[in-house]
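# Geometric and topological summary
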Amino acid sequence: MTGLRPGFRSLLGPLVLRPAAKDRLRFLLTISGIAVGVATIAAIRLANASVLSSFSDTVDFVAGKAGVTILADGPGIPEETLQRLAWVRRVGATLAPAITETAAAGAADGEVVEVLGIDPLADTAAREYSFAEEKKEEKIFLEGEEGEGHARAANLSSIFERDSVLVTSVFAKRNSLRPGSPLHLVANGIERTFRVAGVLHPVGAARAASGSILFMDLAAAQEAFGKVGRLDRIDVVLPPGLSEDDRARFEEEIRASLPPGTTAGRPERRTETVDRLVRAFRVNLSALGLIALLVGMYFVYNTLSISVLRRRTDIGTVRALGASKRSVFTVFLAEGLALGVFGSAAGVGLGVALAKGALLLVGGTATELYIPSAHPSLHLDPLVLLFAFALGVATSVLSALAPALEAARVDPAATMRHGSVEAVRRRRTRPLALTGVVLLALAFALALPGPVRGLPLFGFLSVFLIVSGVSLLAPAAVTFAAARLDGPALRLFGVEARLARANLTGSLSRTSVAVAALTMALAMMVSVAVMVGSFRTTVAIWVSQTLASDLFLSAASGKSGASFGRIPDEAIAVVRDVDGVDEVDPFLAFGATRDGVPFTIGSGLFAFIAKHGNLPLVDGRDTRKVFTEALGKDEAMISEPYAEKFRVKTGDFVELPTDKGPARVRVAGIYTDYSNDRGTVTLDRAHFQRLWPLTGAVTVAVKLKDGVSPEEGARRVSAALQGRYALRVRTNATLRRLVLRIFDRTFAVTYALEAVALAVAVLGVLNTLTALVLERRREIGLLRVLGASAARVKRAVQYEAAAIGGLGVVMGVLSGGAMSLVLVHVINRQSFGWTIAMHAPWGFLAAALGLVLLATLAAASRPAGLAASTDVAAALKEE
Amino acid sequence: MGARVTADSVSKSYGGGGGGGDESRAAGVDALAGISLTLEPGSFTALLGPSGCGKSTLLNLLGALDRPTGGRILVDGRDLATLGEDERDAYRRKTAATIFQFFNLLPTMNALENVALPLLLDGAAPAEADARAASLLAEVGLHGKERAYPYELSGGQMQRVAVARALANRPTLLLADEPTGNLDSKTGTQVLDLVSGLVQERGITVVMATHSVEASARASRVVRLLDGQLLP
Ligand SMILES: Nc1ncnc2c1ncn2[C@@H]1O[C@H](COP(=O)(O)OP(=O)(O)O)[C@@H](O)[C@H]1O
Ligand SMILES: [Mg+2]
């Protein structure tokens, strides 16, 4: 090590720093290439971490000091559970029961707030509250010391009259509320007026949901949200000084006294559940980010191998002067490291900026699809930043490895001429291509196995192998295409075609890398476009099949757009009686978990579906028949994602959590469902209500009588509900549009990523061509001596660019097509559980590919101009 | 028939600070100071002088690779300064061919393609160009080496390919800048024999820069250059 240092330092100047300073633009491009990859990954992870951390913060703040939290697998914990658990009080523990709900504040489209219904007497043991007015710093906190605590608890409960709520200071400020102000809340389709009883400091539970949380009395909440006799959670505050073993034993004992359908565990497990929900979404986005980074890797490889090539003589000289192989190797590795460090640093900065934008998209999508009440704000997790940075540096060093090894192999005499170096590389074309073919075969094989722990790991590996396999084929493809540039093309395009051919094969290692990078980016664009296009068309067709009704009603759900809350039975009855309404189909559902994995239990009128046949079955059987049979036998229908996720087939039995223990229901069939990837078990409404004491509906589909237009129907329904119920009424057409709008927004981020990757790849072509032109200054000088005009030299570079761009497009389309098959049939299916029919968006693809070719040619104009303006006499003098 | 070349008080100075010159930072080097010279058609002139005296500079001016800062150069009565860009390209393609000491061939093309290049640049049909290139290669004794790439050839062979290529478009003026400077003396002699034989057959006017008195012995006329000026 000691011998290496001085050698290393003295080599840094001549081999790295000075050349880099001379060729600033190319180094800047390389750094930005890495930066883009790192930024993409950082942005996705940051946005995701922000969504999750806002959720997990909420979970933590709500859980407070609880050591064990009891949650329901199904639609709530029966209130009697508190009696069954009474024994825990005797051993010094406290039970804090709560109702958790979501409501819209102010008006039907107002701010979405979490509502926590609490028992004021018990709750101070679990959660901390601090009032913002008069008695400013007074904290109410109970830790078992009876006397003092009781006095303060009394203070908290005295505020709890009926219809009183406590709001956070953040929320109060945003809505100009003071103690005594009225507050309208819309929940379950009904608007109620509450009174602000107090304002809380942002301390403890008041920090949950970034302050968008209200507290009210447990009984009042049960009534307001239709949950009389039920609880959503019970937080158990354990006696102080419990060892970990004691805690575990305590948890076990609690579990033993719980009724069926309820679970006890650490409060954090809610976060894991949510994490599982968004995991597939995140993994898919991250995979896209990784491809962007892969393109960045190519940049580093490209730049460094050019560096090594151009400095061969210098390397030979320093080796002759006694520099060791190892120090030469280290110098070039250090260059990769430096590029990685600069690029990643810039990338992290850029990533933070991007994350702000991505948060709106990812956050919007993730919260809309999965967690309606999350209020994500950008949270700069240092671990995420460090991860993205390290990933960027690691990949650059990795891609510097090969060029650095090559540099170390330069012999001191440096007698090898440029041509012979490339000739050695040309000889590798065939073995590389063969390896590529083997990798492609392997990619095919890897597309066959199923998911690993719910993630399509083999599918991702398959895509990765397609990308790598095709990259290895690039030299062969360039050689093949270049050969076509000679024969007949020579007559057609003139000697420039031969010059382009000579340049393409003469610098095969560089040109094939540029082709591979472009191929990769295009493959990614094509595959994602085909996947998204197929998905969109499939969804559009499905929506038009399944949305058979004329109107759709949902509980008004605030400005987030996600729906929550239930429409009360009385409101459904009002709608049924509206003149012009023919039939109503109420859909009622709640979230449940199976082995910790969330899914939905839903219900509708099987008779309605049996009559209209509007829910296509996966196996193509007749919907009407299957639903009629299921109705008669009290059987369940499951959605395709549920079947995929839990590997359930028609004829199998599913277990559903009820208060009386699991109910076993036979599966009568599997229906296609693209509305969510959680998976749904659907029962007939009557069957469902025999198992769970739930009423109302999440959504109501309305069939109008013949001759009543949807607009007219909507007007009449709205008029009937006016002043009584706050429901959202949508016509078939608006809902369809909304579905596609949500779809497009969900995938907007993928389009943004594609655009980024493409821009990087086109810059890569610019980078490579610029480097090649600089490297070939003497050759260009020689051409000019032989009488080639500047215009022809320029045209040769443009032909070369066109060949690189054309090859990239052809190979990108082929490999992108293969990748889209894997994305659609393997990755999407295994991540989300739905079957998508292939529908390639030809128009979009043609436009995008044409644009890429144009961009490549445009990018080539700078190096082409550079070539044309080469000073002949000066170029020839260079040694 | 060879070209008649007349240089009339030709001077060339490399001004300091002229952008792009990352090579020399010196301000105002007078590489040539008023050279007047006439080359008769078919003559073989050796330009003899030490390194740095201005030989390459003069050849570059005669080959229209660079422009003089003073004086005129007439080739067959045409003033090179009056030629437009296209005409200069055509002049290099057809009239004045150049051979260098190093790096004469395009490393990415084989011998045949190197020789065919000027023909193709001049608009010859590919088949025709290949045929003529092959016969030129045979003439310089490289029959069978058509497909060889430069890195597969020896120094002497590379120089012969360069000679074949220089003759491809039947130039009337051959400018050779130390063509044997990089070869051992035996190979150098062979290349010189070849060049003088071929040019005499064709009556091409030759200017050869060299710092070797031996090499200059082959010329019909020796012109000495020192610090940018002709010695009497
Ligand atoms: N591009 C240039 N910029 C500045 N000075 C130059 C340039 N090219 C040549 N010179 C100078 O002009 C003089 C003649 O150079 P050159 O013609 O190459 O000499 P020779 O070929 O006889 O060795 C030298 O002093 C050289 O340094
Ligand atoms: Mg010289």
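The sections below set out a description of the structure shown in this document. (Residues numbered from 1 in each chain as written. Chains lettered and ligands numbered in written order. Predicted model: local features only at pLDDT ≥ 70, side-chain atom pairs only at ≥ 80, totals over all residues. Heavy atoms only, no water.)

Now for the interface of chain A and chain B. Many structure descriptions define interface size as the accessible area lost when the parts assemble. Each partner contributes to the interface: chain A provides 34 residues, whereas chain B provides 32 residues. Summing both sides of the interface, chain A and chain B together bury roughly 3,000 Å²; the carbon and sulfur share of this comes to 61%. Area buried by chain A at its contact with chain B is led by R498(A), L782(A) and L786(A), which between them contribute 20% of it. Applying the counting criterion to the chain A and chain B interface returns three salt bridges. The partner of D89(B) in a salt bridge is R784(A), and the shortest N-O contact between them spans 3.3 Å. One can count five residue pairs in polar contact (both at pLDDT 80 or more) joining chain A with chain B. Within the residue set of the side of chain A that touches chain B, elements represented by two or more residues are α14 (418-427), α16 (457-493), α17 (495-506), α26 (777-785), α27 (790-832) and α29 (872-877) of chain A. In terms of residue count, the dominant contributor to the side of chain A that touches chain B is α17(A) (seven residues). Taken together, the residues that form the side of chain A that touches chain B break down as 14 nonpolar, six polar and 14 charged. (Contact = heavy atoms within 4.5 Å. Buried area = accessible area lost by both parts, 1.4 Å probe. Salt bridge = Lys/Arg side-chain N within 4 Å of Asp/Glu carboxyl O. Polar contact = N/O pair within 3.5 Å; in protein donor to acceptor, adjacent residues only side chain to side chain. Helix = DSSP H or I, 4+ residues; strand = E, 2+ residues; numbered from the N terminus. Nonpolar A, V, L, I, M, F, W, Y, C, P; charged D, E, K, R; others polar.)

Within the fold, S164(A) resides in strand β7 (residues 164-168). Side chain to side chain, S164(A) and R195(A) meet in a polar contact 3.4 Å long.

Turning next to the sheet that holds strand β2 (residues 29-39) of chain B. Residue and element names in this part refer to chain B. In space, the four strands of this open sheet follow the order β2-β1-β4-β5, with antiparallel pairing throughout. Each edge of the open sheet is held by one strand with a lone partner, namely β2 and β5 (78-79). As defined by bridge partners, strand β1 (residues 5-14) adjoins β2 across seven bridges and the pair is classed as antiparallel. Residue pairing in the sheet places V5 in a bridge with L39 of β2. With respect to the sheet, helix α1 (residues 55-62) is in contact with β1, β2 and β4 (70-75), its orientation differing from that of β1 by roughly 120 degrees. (Pairing = 2+ DSSP bridges. Axes fitted to C-alpha atoms, helices over the stretch in contact; angles between N-to-C directions.)

To continue, consider a nonpolar patch on the surface. All names here are of chain A. Together, V452, L457, F458 and L461 give the surface a local cluster of nonpolar side chains, amounting to about 300 Å² of exposed area. Structurally, the position occupied by V452 is in the loop between α15 (429-446) and α16. Judged by relative accessible area, which is 30%, V452 ranks as partly exposed. (Patch = residues over 30% accessible without salt bridge, like charges linked within 9 Å, V, L, I, M, F, W, Y side chains within 5 Å. Areas by Shrake-Rupley, 256 points an atom, 1.4 Å probe, with all protein chains shown as cover. Buried < 20%, exposed > 50% of the residue type's maximum accessible area, 1.4 Å probe, protein only.)

Another point: the pairing of strand β9 (residues 190-200) of chain A. All names here are of chain A. Pairing of β7 with β9, which is carried by five bridges, proceeds in the parallel orientation. Note that in β9 the partner of V165 across the bridge is V196. Examined bridge by bridge, strand β8 (residues 182-187) and β9 share six bridges and lie antiparallel to one another. Within the sheet, the bridge partner assigned to L185 lies in β9 and is R192.

As a matter of local geometry, ligand 1 sits amid 12 residues, with K877(A), G52(B), K55(B), S56(B) and T57(B) nearest to it. Neighbouring residues of ligand 1 are distributed over chains A and B. A distance of 3.5 Å separates a nitrogen atom of ligand 1 from a polar side-chain atom of Y14(B). S56(B) has a polar side-chain atom sitting 2.6 Å from an oxygen atom of ligand 1. Against a free-state accessible area of 560 Å², the protein chains account for coverage of 74% of ligand 1. Per-element accounting of the shell around ligand 1 gives the leading share, three residues, to α1(B). (Near = heavy atom within 4 Å.)

It is worth spelling out the sheet that holds strand β7 (residues 173-177) of chain B at this point. Pairing between the strands of a sheet comes from backbone hydrogen bonds, and it takes one of two forms, parallel or antiparallel. All names here are of chain B. If you trace the six strands from one edge of the open sheet to the other, you get β6-β7-β8-β3-β9-β10, paired in mixed fashion. Here the strands that pair on one side only, and so sit at the sheet edges, are β6 (96-99) and β10 (229-231). For this sheet the average axis-to-axis angle between neighbouring strands, irrespective of direction, equals 25 degrees. As judged from the four bridges shared by strand β3 (residues 44-48) and strand β9 (residues 221-226), these two strands associate in the parallel manner. Looking at β9, one finds that T45 is bridged to R221. Those strands touched by helix α5 (residues 155-167) are β6 and β7, and its axis lies near 175 degrees from that of β6.

Two side chains with opposite charge may pair up if their charged atoms get near one another. Residues and elements named next belong to chain A. All chains considered together, the criterion is met by 43 salt bridges over all chains. Notably, a salt bridge pairs R255 with E252, separated by 3.0 Å at the nearest N-O pair. Of the two residues, R255 and E252 are both situated in helix α9 (residues 244-256); the distance of three residues between them amounts to about one turn of the helix. Connected through salt bridges with shared partners, the residues E244, R247, E251, E252, R255 and R266 form a single ionic network.

All names here are of chain A. Here the structure, examined in full by the defined rule, presents 13 aromatic pairs over all chains. Plain terms: the ring middles of F493 and Y799 are 5.4 Å apart, the flat faces sit at 70 degrees to each other, and that makes the pair edge-to-face. One end of the pair, F493, is in helix α16; the other, Y799, is in helix α27, with 306 residues separating them in the sequence. Ring centres of F535 and Y674 lie 6.2 Å apart, and the angle between their planes is 65 degrees; this geometry places the pair in the edge-to-face category. Pair noted here: F535 is in helix α18 (residues 508-546) and Y674 is in the loop between β19 (663-671) and β20 (680-684), with a separation of 139 residues, a long-range link. By relative accessible area, which is 12% here, Y674 ends up buried. Through a chain of ring-to-ring contacts, the aromatic side chains of F535, W542 and Y674 assemble into a single cluster. If you follow R484 out to its NZ or CZ, it ends over the ring of F480, 4.1 Å from the centre. Just above the ring of F653 sits the side chain of R664; from NZ or CZ to the centre is 4.6 Å. (Phe/Tyr/Trp six-rings, centres within 6.5 Å; stacked < 30°, edge-to-face > 60°. Lys NZ or Arg CZ within 6 Å of the ring centre and 35° of its normal.)

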